[in-house]
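Listed below, chain by chain, are the residues.
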Amino acid sequence: MLLTGASRGIGHATVKLFQKHNWKVFTVSRQPFSEDCKWPAARESHIQADLADLNSVEEIAKEVRRRLPHGKLHALVNNAGISPKGKNRTRLGVLKSDIHTWSTVLNVNLISNALLARALFPELARAKGAIVNVTSIAGFKVHPFAGTAYAASKAALFALTREMAHEFGPDGIRVNAIAPGEIDTSILSPGTEDIVNNEIPLHRLGDPREVAETIHFLCGPASSYITGTEIHINGGQHV
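Here's a quick rundown of the structure. Keep in mind that what you see is a predicted model, and the values were worked out from it rather than measured. (Residues numbered from 1 in each chain as written. Predicted model: local features only at pLDDT ≥ 70, side-chain atom pairs only at ≥ 80, totals over all residues. Heavy atoms only, no water.)

### A closer look at the side chain of Thr161
So, point 1. The residue Thr161 is located in helix 6 (residues 148-168) in this model.
So, point 2. If near-sequence neighbours (up to four positions away) are discounted, Thr161 is found in contact with Asn133, Val175, Asn176, Ala177 and Thr229. (Helix = DSSP H or I, 4+ residues; strand = E, 2+ residues; numbered from the N terminus. Contact = heavy atoms within 4.5 Å.)

### Description of helix 4 (residues 99-119)
So, point 1. Taking the largest bend as the criterion, helix 4 deviates by roughly 50 degrees, centred on Asn107.
So, point 2. Taken together, the buried positions of helix 4 are occupied by Thr101, Thr104, Val105, Asn107, Val108, Asn109, Leu110, Ser112, Asn113, Leu116, Ala117 and Ala119.
So, point 3. Where helix 4 is buried, its residues meet strand 1 (2-4), helix 3 (56-67), strand 4 (75-78), helix 5 (121-127), strand 5 (130-134) and helix 6. (Bend = angle between axes of the 7 residues up to and from the residue. Buried < 20%, exposed > 50% of the residue type's maximum accessible area, 1.4 Å probe, protein only.)

### Topic: the nonpolar core
Nonpolar side chains in soluble globular proteins tend to be buried together.
So, point 1. Leu2, Ile60, Leu120 and Ile131 are the most contacted members of the largest nonpolar core, which has 33 residues in total.
So, point 2. Of all the secondary structure elements, the ones that give two or more residues to this core are strand 2 (26-29), helix 3, helix 4, helix 5 and helix 6.
So, point 3. With residues up to four places along the chain from it excluded, the contact list for Leu2 reads Phe26, Val28, Ile60, Val64, Leu73, Ala75, Leu76, Val77, Leu116 and Leu120.
So, point 4. Among the nonpolar cores identified, the runner-up in size contains 18 residues, and Ile10, Val77, Val134 and Ile215 belong to it. (Core = buried A, V, L, I, M, F, W, Y, C linked by side-chain atoms within 4.5 Å.)

### Quick look at the pattern of salt bridges
So, point 1. For the structure on display, the rule yields 7 salt bridges.
So, point 2. Its salt-bridge partner being Glu63, residue Arg67 comes within 2.7 Å of it at the nearest N-O pair. In this pair, Arg67 and Glu63 are both assigned in helix 3, 4 residues apart and thus about one turn of the helix distant.
So, point 3. The exposure class of Arg67 is partly exposed, given its relative accessible area of 22%.
So, point 4. Arg126 serves as the salt-bridge partner of Glu123, at 3.6 Å between the closest nitrogen and oxygen. Placement of both Glu123 and Arg126 in helix 5 is noted, with a separation of 3 residues, approximately one turn of the helix.
So, point 5. Among the residues examined, Glu123 registers a relative accessible area of 5% and is labelled buried.
So, point 6. In this structure Arg126 comes out as partly exposed when scored by relative accessible area, which is 47%. (Salt bridge = Lys/Arg side-chain N within 4 Å of Asp/Glu carboxyl O.)

### What to know about the sheet that holds strand 1
Note on sheets: strands pair through backbone hydrogen bonds, and any given pair is parallel or antiparallel.
So, point 1. With parallel pairing, 7 strands are arranged side by side in an open sheet as 3-2-1-4-5-6-7. Every other strand in the sheet has two partners, leaving strand 3 (46-48) and strand 7 (230-233) as the edge strands with one partner each. Taking each pair of neighbouring strands and ignoring which way they run, the sheet shows an average axis angle of 15 degrees.
So, point 2. Across the face of the sheet, helix 4 comes into contact with strand 1, strand 4 and strand 5 while running at roughly 170 degrees to strand 4. (Pairing = 2+ DSSP bridges. Axes fitted to C-alpha atoms, helices over the stretch in contact; angles between N-to-C directions.)

### Re the side chain of Ser97
So, point 1. Secondary-structure assignment places Ser97 in the loop between strand 4 and helix 4.
So, point 2. For Ser97, a relative accessible area of 11% translates into the label buried.
So, point 3. At 2.6 Å, the side chain of Ser97 and the backbone oxygen of Gly93 are in polar contact.
So, point 4. Here Ser97 is in contact with Leu92 and Trp102, once residues within four sequence places are set aside. (Polar contact = N/O pair within 3.5 Å; in protein donor to acceptor, adjacent residues only side chain to side chain.)

These figures come from the coordinates and say nothing about function on their own.
Written out as structure tokens, the structure is:
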């Protein structure tokens, strides 16, 4: 499996879960390999790259190809995402989002996902693999903390999920998305407790492992007839 955005939160939990189930996991992150990491063979599995630079995609694919056993990639999880903030971590609307913000967010959150899938299509097809795109509740509901560029990128990512499911299906590749809500990670904004108390029927944050379990389900045989869908992981926040 190749997973982007692996250094923390949902990505970190997903790597741990897949390794527990004996998957060989390649990780992509802007961060260099940490010497504090205790995962087996983590150094050999890590690829440092910034997906804001779309020229890095071919290099990532080339490196993954070099390391793949038998030329098969069983899963691609597009988890990398950025949500820029304004001064004092304020939400960036249309009027405060400049061209750099738009281009960076769209490159990381959307375009690089399509380019990675295209670059690694032969390896995914050989394995009859699965792609999971990580969208967000902000993709279909105005969110008090997620900015406009982030929300637009995540809404577009589900459209991309449908398009890829339609195009890749004949080659046996399934493509789905998950849309997390308020998950207990280090990037939560102040005021999240108000959302938990007022908007989430389960009245709690989600755990990163709960998201990882859904990703694992979508990459495995139990979901073999599921493609082109988006699963909400938000404790009922969308209802």
